[in-house]
Amino acid sequence: KHIIIINGPNLNLLGKREPEIYGHQTFEDYLDILQSKYSECKLEYFQSNIEGELIDKLHEVGFKYDGIILNAAAYTHTSVGISDAVKAIETPVVEVHISNTYAREDFRHVSYISPNAKGVILGFGLKSYDLAIESFIFSV
Ligand code: DQA
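Here the structure is a predicted model, which is why all the values come from computation and not from measurement. (Residues numbered from 1 in each chain as written. Predicted model: local features only at pLDDT ≥ 70, side-chain atom pairs only at ≥ 80, totals over all residues.)

Turning to the overall build of the chain, a few remarks are in order. Per the secondary structure count, the chain includes five helices and five strands. Each helix and strand of the chain, placed in order from N terminus to C terminus, yields the pattern β-α-α-β-α-β-α-β-β-α. Taken against the 2.2 N^0.38 rule, which gives 14 Å for 140 residues, the C-alpha radius of gyration of the chain at 14 Å falls within 12% of a compact globule. Seen along its three principal axes, the alpha-carbon backbone of the chain occupies a region of about 35 × 35 × 25 Å. Within the chain, buried positions represent 29% of all 140 residues. Residue pairs in contact within the chain that sit at least 24 positions apart in sequence constitute 76% of those at least 6 positions apart. (Helix = DSSP H or I, 4+ residues; strand = E, 2+ residues; numbered from the N terminus. Rg over C-alpha atoms; globule rule 2.2 N^0.38 Å. Buried ≥ 20, exposed ≤ 12 C-beta atoms within 10 Å, placed from the backbone. Contact = placed C-beta atoms within 7 Å.)

Quick look at the structure:
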């Protein structure tokens, strides 16, 4: 399966950013672990801090790939544009969050992405991405 992980704003700082919430591992290190665990999958990774670049990437992969794992980060709670893009494309999108957004501030309790996602996995740290890959492998 051809799967892409798309990370939104500030997730380039994983490992350095609020480690008590997001952990000490960089995403690149975790990606290496995922890649060797799921050697049967072609895993790609894209990160951007720019809303329009995330939308462009969804358009680019959204009619070709088997699965998209999207952590839109702060844009989750604000972006009608990213939500519309998720709806517009054909490839199923699993929404992922590292933290349990429901245990945090009220403004993180709203997701514009969830109504258009195939499913949502959140609160398991970086393991949330691993579970999202599993969901594509075992989906019928
Ligand atoms: C996040 C949760 C968002 O509320 C926050 O803005 C992020 C990361 C997460 O993965 O836990 O940047 O998407």
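The rest of the description comes next.
When you tally the buried positions in strand β4 (residues 93-97), you get five out of five residues, the bulk of the element. Both faces of β4 are covered, namely the face carrying Val93, Glu95 and His97 and the face carrying Val94 and Val96. Regarding topology, helix α4 (residues 80-88) serves as the crossover connection from strand β3 (residues 67-71) to the parallel β4, and that connection is right-handed. Examined bridge by bridge, β4 and strand β5 (residues 119-122) share four bridges and lie parallel to one another. (Right-handed = clockwise from strand over helix to strand, strands pointing away. Pairing = 2+ DSSP bridges.)

On to the environment of Lys37. With respect to the helices, strands and loops of the structure, Lys37 is situated in helix α2 (residues 27-37). Along the primary structure Lys37 and Asp130 are separated by 93 residues, whereas in three dimensions their C-alpha atoms are 9.2 Å apart.

Near the ligand you find Asn10, Asn71, Ala73, Ala74, Thr76, His97, Ile98, Ser99, Thr101 and Arg108, and these make up its full shell. Its residues assigned to classes, the shell around the ligand comprises three nonpolar, six polar and one charged. (Near = placed C-beta within 6 Å. Nonpolar A, V, L, I, M, F, W, Y, C, P; charged D, E, K, R; others polar.)

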